[in-house]
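# Overview (structure and organization)
In case you want the letters, here they are:
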Amino acid sequence: MSENTNKKLSAEELYAFSDEMGMMISSGVSVIQGITLMLDESEGGEEKELLQQMENEIAMTGSLANAVEKADVFPVYFVDMIKMGEQTGNLDSVLTSLASHYSREMAISAAIKSAIGYPLLMVAMMLVIIVVMVTEIMPIFERVFIQLGSKMDGVSGGLLAVGSFLHNNGLILVVILAIIVIGIVVIARNKAARDKVISFLYKRKSFKSIYDKIATSRFASAMAMTLSSGMDVMQAIDVSGRIVDAPGFDEKLEKCKDSFAMNMDIGRAFSESGIFGGLYGRMAVLGAKTGNMESVLEKVANTYQEEADNEINDIIAVVEPTLIIILSIIVGLILLSVMLPLLNIMSGMI
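Each chain carries its own residue numbering, running from 1 in the direction its sequence is written. Given that this is a predicted model, residues contribute local features only at a pLDDT of at least 70 and side-chain atom pairs are listed and counted only at 80 or more, while totals for whole chains, interfaces and linings are drawn from all residues. By convention in this description, side-chain values take in all heavy atoms of the structure and omit both hydrogens and water.

## Description of helix 12 (residues 249-263)
Helix and strand assignments follow DSSP, with helices taken as H or I runs no shorter than four residues and strands as E runs no shorter than two, numbered in order from the N terminus. For a helix, the expected span equals 1.5 Å multiplied by the number of residues minus one. Across its 15 residues, helix 12 extends 21 Å between first and last C-alpha, which sits within 8% of the 21 Å expected from 1.5 Å per residue. Relative accessible area decides the class of each residue, using a 1.4 Å probe on protein chains only: under 20% of the type maximum gives buried, over 50% gives exposed, and in between gives partly exposed. Every buried residue of helix 12 is listed here: Phe-249, Leu-253, Cys-256, Lys-257, Ser-259 and Phe-260. Along the axis of helix 12, the buried residues cluster in a sector spanning 165°; they form a single face. Among the exposed residues of helix 12, those oriented more than 90 degrees off its buried face are Asp-250, Glu-251, Lys-255, Asp-258, Ala-261 and Met-262. What the arc measures is the spread of directions leading from the helix axis to the C-beta atoms.

The following block contains the structure:
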């Protein structure tokens with residue numbers, strides 16, 4: 001676990017902290033002893049500074065919630081759950097639930113990175129191959145044409161000109177690529193820009209389906225944890241809603257709260273608000289009636305995550321061969337633009 005005063009801890013770091021502290025407290029180790037053990041095992045640097053700060057705060061107040069809140073690197077949701085765990089005396093189970101929650105968050109992040117990263121890698125490889133062909137291979141064919149008393153024109157001549165430009169102005173290409181990379185980083189870190197990109201992609205049916213499933217999985221997982229920790233329903237909805245950042249989800253949350261306030265039936269509120277649809281809405285209703293809402297929510301969270309993973313894998317399964325076909329066509333056209341004129345020249349010499 002590492003700490004940065006300007007950045008919240010990552011899902012991996014939150015998982016590691018929750019998992020270790022949960023296991024130690026479940027084994028009868030006190031909070032202060034647990035932090036001390038983690039401090040002894042730390043590798044130094046920012047991680048040690050954070051744990052030392054938390055140890056000092058716990059020594060003064062006796063509260064893990066105060067320590068994580070004052071550290072200012074834990075999400076508000078995490079702080080709220082630790083407070084609830086201390087108030088209800090279920091800190092060990094809350095930490096264990098948090099570990100499970102952030103384990104699911106890590107799986108979701110890995111799926112998203114795979115869906116985005118693999119196509120980008122394929123596109124980058126395509127561009128590298130094309131650049132190498134027009135800058136290194138085309139000049140070789142040009143020399144062959146010159147030796148045969150001809151020259152490259154038409155499509156092949158245009159590609160040769162492009163290759164010569166890239167070869168002579170490589171710095172410009174590097175600058176353009178750097179600008180593109182910086183732009184992507186800025187968009188990724190700027191919430192307003194990121195929201196605009198998400199809003200644009202959300203209009204695409206496949207992306208909307210995946211994003212909605214991921215959002216619902218996160219909400220269901222958070223609701224299962226908050227309800228099992230003893231938090232009242234309205235507070236649980238508010239706290240769980242904080243970790244969901246999806247277009248239109250806030251409206252569903254408001255409908256859910258209104259429905260629950262009117263009927264005092266959380267399962268029906270989930271179904272009527274559209275948070276859980278179809279089979280999952282009926283499962284929520286049955287879960288509320290049978291008193292198994294937490295386990296139902298866990299099943300719903302896992303199912304939505306699995307469906308999102310499957311849809312992501314389906315997209316990758318389509319994108320991979322498509323990109324390979326596109327690359328093959330481009331490379332084939334480049335070679336044909338050279339080979340056909342070359343064959344004509346050679347046939348005329350026979």
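There is more to say after this.
## Considerations on the environment of Met-234
By the secondary structure assignment, Met-234 is in helix 11 (residues 233-241). Placed 175 residues apart in sequence, Met-234 and Ala-59 show a C-alpha to C-alpha distance of 33 Å. In what follows, a contact means two residues having at least one pair of non-hydrogen atoms within 4.5 Å. For Met-234, the residues in contact, after removing those within four places along its chain, are Lys-257 and Phe-260.

## Thoughts on helix 6 (residues 91-147)
The end-to-end C-alpha separation of helix 6 is 81 Å, in line with the 84 Å expected for 57 residues at 1.5 Å each. Axes are fitted to the seven residues ending at a residue and to the seven starting at it; the angle between these axes is taken as the bend at that residue. For helix 6, the principal kink sits at Met-133 and spans about 35°. Immediately downstream of helix 6, the backbone of Gly-149 shows phi near 80°, a positive value.

## What about the environment of Ile-140?
With respect to the helices, strands and loops of the structure, Ile-140 is situated in helix 6. In sequence terms Ile-140 and Ser-164 are 24 residues apart; their C-alpha atoms lie 12 Å from each other.

## Digging into the nonpolar core
Ranked by internal contacts, the top residues of the largest apolar core, which has 65 residues, are Met-21, Met-54, Leu-64, Phe-74, Leu-98, Phe-270 and Phe-276. Top element by residues in this core is helix 10 (residues 205-228). It accounts for 9 residues. Look past the residues within four positions of Phe-270 in its chain and what remains in contact with it is Phe-219, Met-223, Cys-256, Ile-275, Phe-276, Ala-284, Met-293 and Leu-297. To form a nonpolar core, buried Ala, Val, Leu, Ile, Met, Phe, Trp, Tyr and Cys residues must be joined to one another through side-chain atoms within 4.5 Å. By size, the runner-up hydrophobic cluster in this structure holds 18 residues, among which are Leu-323, Leu-327, Val-331 and Ile-334.

## Side note on the pattern of salt bridges
The term salt bridge refers to a side-chain nitrogen of Lys or Arg lying within 4 Å of a carboxyl oxygen of Asp or Glu. Following the criterion strictly, the structure yields 7 salt bridges and no others. Among the salt bridges present, the one from Lys-257 reaches Asp-238, with a minimum N-O distance of 2.8 Å. A residue pair is termed long-range when its members are at least 10 positions apart, and Lys-257 in helix 12 and Asp-238 in helix 11 qualify at 19 residues. Classification of Lys-257 by relative accessible area gives buried; the value is 15%. According to the relative accessible area criterion, Asp-238 is partly exposed, its value standing at 37%. A salt bridge links Lys-257 to Glu-254; its shortest N-O distance comes to 3.3 Å. Taken together, the residues span about one helical turn, with Lys-257 and Glu-254 both in helix 12 at a distance of 3 residues. One connected set of salt bridges, linked through shared partners, spans Asp-238, Glu-254 and Lys-257.

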